[in-house]
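Residue-level structural notes
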Amino acid sequence: MSAAVATGIAAAQPARLVDVDGVTKCFGTEDDRQICLESCSFGIPRGKLTVLMGPSGCGKTTLINLIAGYELPDRGSVRLEGAPVAGPGSDRLVVFQETTLFPWMTVYGNVAFGCKVKRLSQAAIREKAERILAKVGLYAFRDKYPSQLSGGMQRRTELARALINDPKLMILDEPFRGLDAMTRELMQEFYLKLFEETCLTTLFVTHELEEAIFMADRLVLLTYKPGQVKEILDVDLPRPRHFSMFASKRFFELHDHAMSLLVEESKKAFAAGCTSAFDQIAGARPPAGG
Amino acid sequence: MSSTALELKRSGRALRISAYVRGILSLKTLQGVSTLVAFVALWQAAVSLKVPYLSNLPYPADVWKSFTDTVVTRAYWISWAVSLERIFVSFLVAQVLGIPLGLLMGISRKSKDILFPVFEIVRPIPPIAWIPLAILFWPTEELSIYALTFIGPFFVIVLNVMQGVANIDVSLKRAALSLGAKPGDIFWKIMLPGALPSILTGMTVGIGVAWNVLIAAEMIAGHVGLGRMTWEAYTNGNIPLIMVGMASIGVAGYLCSGVVRIVGQSCMPWRRRS
Ligand SMILES: Nc1ncnc2c1ncn2[C@@H]1O[C@H](COP(=O)(O)OP(=O)(O)OP(=O)(O)O)[C@@H](O)[C@H]1O
Ligand SMILES: [Mg+2]
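Being a predicted model, the structure only gives us computed values, none of them experimental.

Bringing the packing of helix H10 (residues 226-235) of chain B against helix H11 (residues 239-267) of chain B into the picture now. All names here are of chain B. Running from N to C, H10 and H11 cross one another at 165 degrees; their axes reach a closest spacing of 8 Å. With respect to each other, H10 and H11 are oriented roughly antiparallel. Note on packing geometry: the crossing formed by H10 with H11 is left-handed. Touching Leu226, Gly227, Met229, Thr230, Ala233 and Tyr234 of H10 are Leu241, Ile242, Gly245, Met246, Ser248, Ile249 and Ala252, all from H11. Taken together, the residues that form the contact of H10 with H11 break down as 9 nonpolar, 4 polar and no charged.

To continue, consider the site of ligand 1. All names here are of chain A. Within the structure, ligand 1 sits among Phe27, Cys36, Ser56, Gly57, Cys58, Gly59, Lys60, Thr61, Thr62, Glu174 and His207. The backbone of glycine 57 places a nitrogen or oxygen atom 2.9 Å from an oxygen atom of ligand 1. The backbone of cysteine 58 places a nitrogen or oxygen atom 3.3 Å from an oxygen atom of ligand 1. When isolated, ligand 1 has an accessible area of 630 Å², and the protein chains bury 62% of it. The dominant element in the shell around ligand 1, judged by the number of residues it contributes, is helix H2 (residues 60-68), at 3 residues. Class assignment of the residues belonging to the shell around ligand 1 gives a composition of 3 nonpolar, 6 polar and 2 charged.

At the junction of the two partners, chain B supplies 19 residues and chain A supplies 25 residues. Both faces considered, chain B and chain A share a buried interface measuring about 1900 Å² in area, 63% of it formed by carbon and sulfur atoms. One can count 2 salt bridges joining chain B with chain A. One salt bridge connects arginine 119 of chain A with aspartate 185 of chain B, and the closest N-O pair in it is separated by 3.2 Å. Between chain B and chain A we count 6 residue pairs in polar contact (both at pLDDT 80 or more) in total. For the side of chain B that touches chain A, the secondary-structure elements that each account for two or more residues are helix H8 (170-178) and helix H9 (183-221) of chain B. Per element, the largest residue contribution to the side of chain B that touches chain A is 7 residues, and it comes from H8 of chain B.

With respect to the helices and strands, the residue threonine 100 of chain A is situated in the loop between strand E6 (92-95) and helix H3 (107-117). Of note is the side chain of threonine 100 of chain A, whose polar atom sits 3.2 Å from the side chain of glutamate 158 of chain A. With sequence-adjacent residues up to four places away left out, threonine 100 of chain A is seen in contact with Glu158 and Arg161 of chain A together with Ser171, Leu172 and Ala175 of chain B.

What follows deals with H3 of chain A. Across the 11 residues of H3 of chain A, 10 count as buried, placing the element largely inside the fold. Listed in full, the buried residues belonging to H3 of chain A are Val107, Tyr108, Gly109, Asn110, Val111, Ala112, Phe113, Gly114, Cys115 and Val117 of chain A. Buried residues along H3 of chain A sit in contact with helix H4 (122-135) and helix H5 (151-163) of chain A together with H8 and H9 of chain B.

Before going further, it helps to spend a moment on the domain arrangement of chain B. Assigned domains within chain B: domain 1 (3-57) and domain 2 (62-273). Centre-to-centre, using C-alpha coordinates, domain 1 of chain B lies 31 Å away from domain 2 of chain B.

Turning next to the pairing of strand E7 (residues 169-173) of chain A. Residues and elements named next belong to chain A. Where burial is concerned, most of E7 is hidden: 5 out of the 5 residues are buried. Residues of E7 alternate between two faces, with Leu169, Ile171 and Asp173 on one and Met170 and Leu172 on the opposite face, all of them buried. As paired elements, E6 and E7 share 4 bridges and run parallel to each other. Bridged to arginine 92 within E7 is leucine 169. Relative to strand E8 (residues 201-205), E7 runs parallel, the two being bridged by 5 bridges. Bridge pairing links isoleucine 171 to leucine 203 in E8.

Residues and elements named next belong to chain A. In this fold, glutamate 265 is placed in helix H8 (residues 249-284). Residue class for glutamate 265 comes out buried when judged on its relative accessible area of 3%. With near-sequence residues (within four places) excluded, glutamate 265 lies in contact with Pro55, Leu222, Thr223, Tyr224 and Lys230.

Conventions adopted
Residues numbered from 1 in each chain as written. Chains lettered and ligands numbered in written order. Predicted model: local features only at pLDDT ≥ 70, side-chain atom pairs only at ≥ 80, totals over all residues. Heavy atoms only, no water. Axes fitted to C-alpha atoms, helices over the stretch in contact; angles between N-to-C directions. Helix = DSSP H or I, 4+ residues; strand = E, 2+ residues; numbered from the N terminus. Parallel < 35°, antiparallel > 145°, perpendicular 65-115°, else oblique. Left-handed = near helix turned anticlockwise from the far one by under 90°. Contact = heavy atoms within 4.5 Å. Nonpolar A, V, L, I, M, F, W, Y, C, P; charged D, E, K, R; others polar. Near = heavy atom within 4 Å. Polar contact = N/O pair within 3.5 Å; in protein donor to acceptor, adjacent residues only side chain to side chain. Areas by Shrake-Rupley, 256 points an atom, 1.4 Å probe, with all protein chains shown as cover. Buried area = accessible area lost by both parts, 1.4 Å probe. Salt bridge = Lys/Arg side-chain N within 4 Å of Asp/Glu carboxyl O. Buried < 20%, exposed > 50% of the residue type's maximum accessible area, 1.4 Å probe, protein only. Domains from an automatic or database assignment. Pairing = 2+ DSSP bridges.

Next comes the structure, spelled out in structure tokens:
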């Protein structure tokens, strides 16, 4: 029901915040061209949490780089509210798995960075930064450097550094990978709560199917080589989500369905890896007995 | 209240002093001291037993005597002052010119393409090989010494800073751009602090190189300075004084490296262990 309310609020504006439209992206040189994404299209609906899943190497991070504006597509377009994305901007902020906190700034300095470069007044910056630091529970650590924080705290600092800018789209690329199980669960809960309070449009990448279904409104599954959309699943579990939903019937159904699709693609990816490995071995060493 | 606070403070200081004394008497210092004693004993033995090739060495006591005689002279401390001044000025100029140049070459592809080939040709020439040219080129010997002492650390710092800028993680630049940073912010808030560790490495290596070149230059071209003092001891055949000169140069180099390290650490609080 609450999801329907959120759509109602956003009804005045187009339902999609981001359109990925026929995007093709290749890597490598002229003669060694690798197609990473090919004619990939999907939308990111406003006020929803979209989860992106697919086998390793299928192009999820590449897609994120395109949406964030770090790279440009070879063909097709990425549009934010109808306007093509031409470069990075604070309306789309990314938290990657690897920390991108500035090591030479304190937690406060990192969180305040976006406001400082926008030349807000010191008082306004302080007010905003301290409020958001309190929200992510890092107020007491504001004078620490990133290297002095635990992984979970670093991730929360990055979230705070992004959230202070009121982005239209929050992009999370496997943000909780590398955290221990307990911290991970706390972070999931933390982000879910934040999302359910604010309906901040989110694109979330993860390898964990449970995590994906638990968090998602929509699940976008990608294929491997070329990267295209295989299927989009609507996760119609009610919000607010709770860990008890892991035991619900609907959860199992969604899980089974998504799992069979993922396994199919992962097998393909694995087989592709094996083939190329066999090719290399065969190329390096002539077959025995020759 | 305040008296207890004072007492606490005092007892804190007493604790710190006792910890310091314990530090001095620790096993590690004991080991260090015994190695030193063993070294002097071996030296004494080598000279008294007339071990081949080592029998020309003076006795440790002779060197010590030469040292105590020398440190009370004005000339000795003038040598120190002159060498330190030369190092300070040349090293400073090398940093002031080298750091911006390194940053420029690290940030701008174009300036690197233009300038780097010159560097690649000139850099492999050991700084000491510049001595003859420098002496002929500069009007005074003093200027030649400054120029030579400048060249060594200059190349070191430029290359280190350039490499340091190039090694800054591209994801940090992207993150800053995403957050709305303008080119000026990227330079002052990302590039410069990101290159700071390499700047410090360049300075640490550079100060060593500067001493190398300075001593060689002083021996050939100078009238005063620690290098000159050692060289004059050689021309007078005064081996104990040569050794005093060498030890002084060692101490001077060690002190300068220490200063560079302390300055560097105070510039990079995020690197401090805590
Ligand atoms: N800058 C680049 N240059 C060359 N190839 C690249 C580059 N970036 C990505 N690729 C290739 O594109 C493919 C997709 O990479 P990408 O990082 O987007 O995958 P991913 O889905 O995020 O994988 P993972 O789940 O392991 O993070 C990979 O085969 C990778 O080797
Ligand atoms: Mg990835």
